[in-house]
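Coordinate analysis (summary)
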Amino acid sequence: MRSSLRTSHFQYHIIAVEINYPSQPGPIGVFDSGYGGLTILREIRKALPQYDYLYLGDNARAPYGSRSFDIVYDFTREAVDELFRRGCHLVILACNTASAKALRTIQQHFLPISDPDRRVLGVIRPTVEILGKVSKKRHIGLLATPGTVRSHSYRMEIQKIYPGMEITEQECPMWVPLVETGEFNGDGADYFVKKYIDQLLLADPEIDTLILGCTHYPLLLPKIRQYTPGHIRILPQGELVAESLKDYLRRHPSMAERCTSGGTVEYLTTESPERFDPLASLFMNTPIHSSRITL
């Protein structure tokens, strides 16, 4: 049986319909609302090149950042369901907004009724776990989309693992558009990069560690470094998530056995490949050829 889940802030509505997820081993699924998850996929493939990967970008409905929890959950669940149908037993939500607004509900309510043996992991916890090792002052800055900031998911996760650690959150609404319009190297990007970093450090001058809480932001990293004081440690997520996944598969050999090892990668988008492929190629530093699907 296939089970879908409609959520609100007060109740869950479970609807059971027929389903047949493939039982044989399949690729590792990587999902993002757009392009940013490609920076996660790129680092995962460096750390774990032996596995097959299936990337899905919901570009036609991006961005997710300004959407409600319910809509982000619905869109994310549809994407996870699609990746499960295409043989994935393990899916990485390579999207901070989806991780912030949908992951917990998917893990607690969707997986138990759809397939309890499949797994969906996010990008927030692997990023937070390292903070205790790298922050001496225990003052953390978060640069992220409005949706991620307003969810306070990083704040809650940090307080859960490191009580007493200070976090200051800064919305960066212009950074994703700069990346997705290809303007991340332009002079216009300097103004908005400096503006948000200055606002963050004005709010807490004691910050010594900076989380880039959006998977688009690594493309802005040269400018972010330019306007960030040298003593502040900057944490892009790709390497952290890749190392966390590597450790997860080592600790869960039964899941590793359900992930095929052919070293291949396939790209799916809900947009037209003609629009997706050029920018995706910039993110991956290699030519990309995708297929269009409808969720």
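This text follows the structure it describes.
These notes cover the structure that comes with them. Note that the coordinates shown come from a computational prediction; the quantities given were computed from them, not determined experimentally. (Residues numbered from 1 in each chain as written. Predicted model: local features only at pLDDT ≥ 70, side-chain atom pairs only at ≥ 80, totals over all residues. Heavy atoms only, no water.)

Some points on the packing of aromatic side chains
Taken as a whole and judged by the stated rule, the model has 10 aromatic pairs. Relative to F276, the ring of Y35 lies with its centre 5.3 Å away and its plane at 15°, an arrangement referred to as stacked. Of this pair, Y35 sits in the loop between β3 (28-32) and α1 (37-47) while F276 sits in helix α14 (residues 273-284), and the two are 241 residues apart along the sequence. For the pair formed by Y35 and F276, the shared burial category is buried. Three or more aromatic residues joined by ring pairs make a cluster, and in this case those are W175, Y191, F192, Y196 and Y217. Sitting above the plane of the F75 ring, R61 keeps its charged end 3.7 Å from the centroid. (Phe/Tyr/Trp six-rings, centres within 6.5 Å; stacked < 30°, edge-to-face > 60°. Helix = DSSP H or I, 4+ residues; strand = E, 2+ residues; numbered from the N terminus. Buried < 20%, exposed > 50% of the residue type's maximum accessible area, 1.4 Å probe, protein only. Lys NZ or Arg CZ within 6 Å of the ring centre and 35° of its normal.)

Re helix α2 (residues 69-85)
If you check α2, its first and last C-alpha atoms are 24 Å apart, about what 17 residues at 1.5 Å a residue would give, namely 24 Å. For α2, the tally of buried residues reaches 12 of 17 residues, placing the bulk of the element in the interior. Every buried residue of α2 is accounted for by V72, Y73, D74, F75, T76, R77, A79, V80, D81, E82, L83 and F84. Remark: G87 follows α2 within two positions and exhibits a positive phi of approximately 105°. (Expected span 1.5 Å × (residues − 1).)

Let's talk about the pattern of salt bridges
A side chain of one charge can pair with a side chain of the opposite charge if their charged atoms are brought near each other. Within the structure shown, the criterion is met by 19 salt bridges. Between D81 and R85 there is a salt bridge; the shortest N-O distance is 3.1 Å. Remark: R85 and D81 occur in helix α2; sequence separation between them is 4 residues, near one turn of the helix. Here D247 ties to R250 by a salt bridge, and the two come within 2.4 Å at their closest N and O atoms. One end of the pair, D247, and the other, R250, are both in helix α12 (residues 238-251), 3 residues apart, so they sit about a helical turn from each other. On the basis of relative accessible area, R250 is assigned to the exposed category, the value being 59%. Each member of the salt-bridge network shares a partner with another, and the members are R125, E129, E157 and K160. (Salt bridge = Lys/Arg side-chain N within 4 Å of Asp/Glu carboxyl O.)

Description of the sheet that holds strand β4 (residues 53-57)
Strand order in the open sheet made by the 6 strands is β6-β5-β3-β4-β11-β12, with parallel pairing throughout. The open sheet terminates on both sides in strands that have one partner only, identified here as β6 (119-121) and β12 (290-292). If you compare each strand with its neighbour and ignore which way they point, the axes differ by 25° on average. In the sheet, β3 pairs with β4 via 5 bridges, with the strands oriented parallel. The residue of β4 that forms the bridge with V30 is Y55. Each of β3, β5 (90-93) and β6 touches α12; the most contacted strand, β5, lies at about 160° to it. (Pairing = 2+ DSSP bridges. Axes fitted to C-alpha atoms, helices over the stretch in contact; angles between N-to-C directions. Contact = heavy atoms within 4.5 Å.)

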